[in-house]
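# Fold and geometry: a report
The lines below spell out each chain.
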Amino acid sequence: MGNTPLVKLDSLSNNKVQYFAKLESHNPFGSVKDRAAYWMIKDAEEKGKLKKNHTIIIEPTSGNTGIALTGIANLLGYEVEIVIPEKASEETKKIIAKLGAKLYETSDDLCPKVGAGTDQSIALATSIASSRPDKYYSPNQYANEANFMGHYRGTGPEIWKQTEGKITHFFTGVGTGGTVTGISTYLKEQNPELKTIGVQPQQNHLIQGLRNFEESAKPDLFLRRENTVDDWITINNETAFAAVRELFAKEKLLVSPSSATVYAAMKKYPIEEGIVVGIFADDGRKFKSLYAQQKVFSEEEFDANLKQAKHLSKIAYLD
Amino acid sequence: MQISLFQTLSATTKKLDARGLFCPEPVFRTKIEVERMQVGETLTVLADDPNAEEDISRWVKRNGHELLSLNKQDSSLEFQIKKVK
């Protein structure tokens, strides 16, 4: 897990600014969330919160954490229940079910006091866990310091080493806030001049994993270190999906909507000079039906692209 | 206790005991039960989380079903919901 590749984006780079993508799909269960899942479970075990073959781990997720937690927790001997928004991709839900978790799907109108999407899932997971505390443990990635630690101790140092300490700008989307706060905090301790740019999708977005802070709450994990972000950029659905196509055409990378969003942000944000790194949280393999529906790639095009795509990782559940 | 209440209900009415569960679990479980039912069938839901009164009533109306009745006894709520579509 971890030590994921840093790949240069030739299509964006020039003599003054070099752009790199950190391919987090190169984790055992296919996404950056493997890090958070592993660190949160290990942390819970150390604190005595988990009993093997007794405790059920329940977690709200937009997808990748569900996959990572289920994969890793099952290996370590815990049952998992995942609370996910209805609008998550079918492929994501199938993978989680196939890996052995029980799924609860939330609609946007369940609890009028909270926002849409994963805010509903968080409310439900919390209510289920708190009514049966002897049986359930919820890592709560939206508030768990271990999520931050996984990036502060893992991803951040990797990026520093991989860029030989020369990174000047860091781009990432924000979901729980673990990636942005963990990595940015570490990098700025090494170089206080570094700039962190947070990438936001539009309101009513289709970008699995990311949050727009006008329609969704800022997670506690993010709020704790919100100031680490220097600037923000918002990318709409159309631009993001166009970027998926562009990334494949120019770099032969088959990416996820959130990765394309980060790419579009890096492309749009004015930078005169520097070394820029963006987080590509996962790849495009879970999004065939979404891409067909959004007219990004037809199913046939997707299948053909899959065969030609570069830097595709080996993922545990695809064997 | 409410156990005898359950026993007096007709066998064709579906029942959901959501007591001891917190918002939004009662409305979530109600939604699951209603989705599983046939149109025209009735569901009785018992809950004791005060938020459930608003959550469930609102969900039922917003999704086009009928709230046949809502009985309140101390902190106990009893909903009768008819699936309309």
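Residues numbered from 1 in each chain as written. Chains lettered and ligands numbered in written order. Predicted model: local features only at pLDDT ≥ 70, side-chain atom pairs only at ≥ 80, totals over all residues.

## Describing the overall build of chain B
Under the convention used in this document: Helix numbering and strand numbering both begin at the N terminus, where a helix is a DSSP run of H or I of at least 4 residues and a strand a DSSP run of E of at least 2. To sort residues by exposure, count the other C-beta atoms lying within 10 Å of each residue's C-beta; 20 or more gives buried, 12 or fewer gives exposed, and values between give partly exposed, all with C-beta atoms placed from the backbone. What counts as a contact is two residues whose backbone-derived C-beta atoms lie within 7 Å of each other.
Along chain B, the regular secondary structure elements total three helices and four strands. For chain B, the succession of helices and strands along the chain, N to C, is α-β-α-β-α-β-β. Taking all 85 residues of chain B together, the buried fraction comes to 33%. Restricting to contacts in chain B with at least 6 residues of sequence separation, those with at least 24 account for 61%.

## Examining the overall build of chain A
This is how it is decided: Only C-alpha atoms enter the radius of gyration, while the globule expectation follows 2.2 Å times N to the 0.38, with N the number of residues.
When helices and strands are counted, chain A shows 11 helices and 10 strands. Here the C-alpha atoms of chain A give a radius of gyration of 18 Å, agreeing with the 20 Å that 2.2 N^0.38 yields for 319 residues. Looking at chain A residue by residue over its 319 residues, the buried ones come to 53%. In chain A, the proportion of contacts linking residues at least 24 apart, taken out of those at least 6 apart, comes to 72%.

## What to know about the interface of chain A and chain B
What counts is decided by this rule: Three residue categories are used. Nonpolar comprises Ala, Val, Leu, Ile, Met, Phe, Trp, Tyr, Cys and Pro, charged comprises Asp, Glu, Lys and Arg, and polar comprises the others, including Gly.
Counting from both sides, the interface comprises 11 residues of chain A and, opposite them, 12 residues of chain B. Residue composition of the side of chain A that touches chain B, by class: six nonpolar, four polar and one charged.

## A word on the confidence of the model for chain B
Residues and elements named next belong to chain B. Put simply, the rule reads: Per residue, pLDDT measures the predictor's confidence, with a range of 0 to 100.
Chain-level pLDDT for chain B is 86 on average; 86% of the residues reach the 70-or-more range. Confidence scores differ between elements of chain B, with helix α1 (residues 3-8) showing the lowest mean pLDDT of 50 and strand β2 (residues 42-47) the highest of 96. On the interface metric, ipTM, the complex scores 0.74, and its pTM is 0.84.

## A few points about the domain arrangement of chain A
Residues and elements named next belong to chain A. Spelled out, the test is: The source of the domain bounds is an automatic or database domain assignment.
Considered domain by domain, chain A is made up of domain 1 (6-31 + 145-318) and domain 2 (33-137). The interface is formed by 28 residues belonging to domain 1 together with 26 residues belonging to domain 2. Of all the secondary structure elements, the ones that give two or more residues to the side of domain 1 that touches domain 2 are α5 (145-162) and α10 (288-293). At seven residues, the largest contribution of residues to the side of domain 1 that touches domain 2 is made by α5. The residue makeup of the side of domain 1 that touches domain 2, split by class, is 10 nonpolar, 14 polar and four charged.

## Focus: the sheet that holds strand β6 (residues 136-137) of chain A
All names here are of chain A. Worth spelling out the cut-off: The pairing criterion for strands is at least two bridges between them, as found by DSSP. Between N-to-C directions, angles cover 0 to 180 degrees, with each direction set by a line fitted to C-alpha atoms, over the stretch in contact for helices.
Reading across the sheet, the four strands line up as β5-β4-β3-β6 and stay open at both edges, with parallel pairing between neighbours. Bordering the open sheet on either side are β5 (102-106) and β6, each of which pairs with just one other strand. Of the strand pairs in this sheet, strand β3 (residues 56-60) and β6 are connected by two bridges, and their pairing is parallel. Note that in β6 the partner of Ile-56 across the bridge is Tyr-136. Each of β3, β4 (79-85), β5 and β6 touches helix α4 (residues 118-131); the most contacted strand, β3, lies at about 155° to it.

## Structural notes on helix α9 (residues 257-268) of chain A
All names here are of chain A. Put simply, the rule is: Take the residue count of a helix, subtract one, and multiply by 1.5 Å to get its expected span.
The terminal C-alpha atoms of α9, which comprises 12 residues, lie 16 Å apart, in line with the 16 Å expected from a rise of 1.5 Å per residue. Here α9 lies mainly inside the structure; 10 of its 12 residues are buried. The set of residues buried in α9 consists of Pro-257, Ser-258, Ser-259, Ala-260, Thr-261, Val-262, Tyr-263, Ala-264, Ala-265 and Met-266. Each element contacted by the buried residues of α9 is listed here: β2 (17-23), β7 (169-173), β8 (195-201), β9 (231-235), α8 (237-251) and β10 (274-280).

## A word on the sheet that holds β8 of chain A
All names here are of chain A. Strand order in this open sheet of six strands is β1-β2-β10-β7-β8-β9, and the pairing throughout is mixed. Both outer strands of the open sheet, β1 (6-8) and β9, are each paired with one neighbouring strand and no more. Ignoring strand direction, the axes of neighbouring strands in this sheet form an average angle of 25°. Relative to β2, β1 is paired through three bridges, and the arrangement is antiparallel. Of the residues in β2, the one forming a bridge with Leu-6 is Lys-22.

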